[in-house]
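# Architecture and fold: a report
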Amino acid sequence: EDQVTQSPEALRLQEGESSSLNCSYTVSGLRGLFWYRQDPGKGPEFLFTLYSAGEEKEKERLKATLTKKESFLHITAPKPEDSATYLCAPLRSNYQLIWGAGTKLIIKP
Amino acid sequence: DVKVTQSSRYLVKRTGEKVFLECVQDMDHENMFWYRQDPGLGLRLIYFSYDVKMKEKGDIPEGYSVSREKKERFSLILESASTNQTSMYLCASSLYRTGGYTEAFFGQGTRLTVV
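Residues numbered from 1 in each chain as written. Chains lettered and ligands numbered in written order. Predicted model: local features only at pLDDT ≥ 70, side-chain atom pairs only at ≥ 80, totals over all residues. Heavy atoms only, no water.

## Points about the overall build of chain A
Counting its secondary structure elements, chain A contains 0 helices and 10 strands. When the helices and strands of chain A are placed in sequence order, the string is β-β-β-β-β-β-β-β-β-β. Here the C-alpha atoms of chain A give a radius of gyration of 13 Å, agreeing with the 13 Å that 2.2 N^0.38 yields for 109 residues. By its C-alpha atoms, chain A is 40 × 30 × 20 Å across when sized along the principal axes. In chain A, once contacts between residues fewer than 6 apart in sequence are set aside, the share between residues at least 24 apart is 54%. (Helix = DSSP H or I, 4+ residues; strand = E, 2+ residues; numbered from the N terminus. Rg over C-alpha atoms; globule rule 2.2 N^0.38 Å. Contact = heavy atoms within 4.5 Å.)

Here it is as C-alpha cells:
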C-alpha cells in the first residue's frame, strides 16, 4: 500500500535559523513528487515538482531535493512570512497524488 | 491570474440534507478535483473529472456524487449529509498533459459543518 509520512508534524524556528522538512514515501511506480504550501484558511499553493532521484529545485529560501525513498524541503535563513504548512504529495503510477499530513512551520521574529 | 472559486467559505447543514458545493475555474483546465482535508490526515481525493460529463472515483467516493456539465464548473453533492462529512472541502483544477501531470490550482476551501 502506498504511504507518505511527513516529519516533524510541527517545527518552530527563529528567524534566520535554517532547517529541513522530511517527506518519506513508499509508492510503487513513482512518477514524481510535488511540494505545496498552505496558509491558514486557504487552499494549497504549488511550490515544486521533482521527477527523479537526485533532482533539486530552488525558489527563494526554499530548496527541494528527492531521493528514491524521501524528499527534503530545506529552508535557508527563513523569515516570518515563510510560516505555513508544507505538504508533500508523491504522484502514483495511476497519476493520482497521495498527500502527506503536512509539517506546520512557525518562524518567530 | 489563475482562479478557482468555491461558492461558499463556510456552510452549516443538518443531518440528512442534500448539500451542493460548487466550484468554478477560469483557466480552461480539463481536469478538476474534489478533496477533503481533515486534521492529521492528508488531502483525500473524493472524485475527479478529466472532461465534461466525465468523472472518476477517487479514494473516498462513498456518500458523494459529482456533476460536470460545463468545462469550468465542477459540483460536489452530498446526497444525505452526515456528521462524519464535517470537513474542509477543496476544489482544484489542472491542465491536461498527455502522459503526464501538471500542478493543481486550488480554491479557498469550503468548511462544512453537519449538525
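Resuming the write-up.
## Section: the state of the cysteines
Residue and element names in this part refer to chain B. This structure, assessed with the given rule, holds 2 disulfides over all chains. Two residues, Cys 23 and Cys 91, share a disulfide whose sulfurs are 1.9 Å apart. Measuring the twist about the S-S bond at about -80°, one finds the Cys 23-Cys 91 disulfide to be left-handed. One end of the pair, Cys 23, is in strand E3 (residues 19-25); the other, Cys 91, is in strand E9 (residues 87-94), and 68 residues separate them in sequence. As far as the burial class goes, Cys 23 and Cys 91 line up, both buried. (Disulfide = S-S within 2.5 Å. Buried < 20%, exposed > 50% of the residue type's maximum accessible area, 1.4 Å probe, protein only.)

## Details of the pattern of salt bridges
One pass over the structure, following the stated rule, counts 11 salt bridges over all chains. Residues Asp 39 of chain A and Arg 37 of chain A are paired through a salt bridge, measuring 3.0 Å at the closest nitrogen-oxygen approach. Through salt bridges with shared partners, a single network forms among Asp 28, Glu 30 and Lys 71 of chain B. (Salt bridge = Lys/Arg side-chain N within 4 Å of Asp/Glu carboxyl O.)

## A short note on the environment of Glu 17 of chain A
Among the secondary structure elements, Glu 17 of chain A is positioned in the loop between strand E2 (10-14) and strand E3 (19-26). For the pair Glu 17 of chain A and Ile 107 of chain A, spaced 90 residues apart in the sequence, the C-alpha separation amounts to 8.7 Å.

## Here we look at the sheet that holds strand E9 (residues 84-91) of chain A
All names here are of chain A. The 5 strands lie next to each other as E2-E10-E9-E4-E5, forming an open sheet whose pairing is mixed. The outermost strands of the open sheet, each flanked by one partner alone, are E2 and strand E5 (45-50). Mean inter-strand twist for the sheet, computed between neighbouring axes without regard to direction, equals 25°. Where E9 and strand E10 (residues 103-108) come together, 3 bridges link them in antiparallel fashion. (Pairing = 2+ DSSP bridges. Axes fitted to C-alpha atoms, helices over the stretch in contact; angles between N-to-C directions.)

## Concerning the sheet that holds strand E7 (residues 62-66) of chain A
Residue and element names in this part refer to chain A. Strand order in this open sheet of 5 strands is E1-E3-E8-E7-E6, and the pairing throughout is antiparallel. In this open sheet, the two strands that pair with only one neighbour each are strand E1 (3-7) and strand E6 (56-59). Neighbour to neighbour, the strand axes of the sheet diverge by 15° on average, direction disregarded. Judged from the 4 bridges that link them, E6 and E7 form a sheet pairing that is antiparallel. Of the residues in E7, the one forming a bridge with Glu 58 is Lys 63.

## Some details on the interface of chain B and chain A
Contacts between chain B and chain A engage 22 residues on the former and 18 residues on the latter. Of the roughly 1500 Å² buried between chain B and chain A, counting both surfaces, carbon and sulfur atoms make up 54%. One can count 1 salt bridge joining chain B with chain A. Residues Asp 59 of chain B and Arg 92 of chain A are paired through a salt bridge, measuring 3.3 Å at the closest nitrogen-oxygen approach. Partitioning the side of chain B that touches chain A into residue classes produces 9 nonpolar, 8 polar and 5 charged. (Buried area = accessible area lost by both parts, 1.4 Å probe. Nonpolar A, V, L, I, M, F, W, Y, C, P; charged D, E, K, R; others polar.)

## Side note on the side chain of Thr 110 of chain B
Residues and elements named next belong to chain B. With respect to the element layout, Thr 110 can be found in strand E11 (residues 110-114). A distance of 3.3 Å separates the side chain of Thr 110 from the side chain of Gln 6, its partner in a polar contact. With near-sequence residues (within four places) excluded, Thr 110 lies in contact with Gln 6, Ser 8, Arg 9, Leu 11, Leu 21, Ser 87, Met 88 and Tyr 89. (Polar contact = N/O pair within 3.5 Å; in protein donor to acceptor, adjacent residues only side chain to side chain.)

## Some words on the layout of surface pockets
The volume enclosed by the largest pocket comes to roughly 580 Å³. The wall of the largest pocket is formed by 24 residues, among which Gln 38, Thr 85 and Ala 101 of chain A together with Gln 37 and Pro 39 of chain B lie closest to the centre. Those elements that provide at least two residues to the lining of the largest pocket are E9 and E10 of chain A together with E9 of chain B. If you tally residues by element for the lining of the largest pocket, the top one is E10 of chain A, at 4 residues. (1 Å grid on protein atoms, 1.4 Å probe; cavity = no way out; pocket = protein on both sides within 12 Å on 5 of 7 lines; lining within 4 Å. Points joined across faces, edges and corners; volume = space filled by probe spheres on them.)

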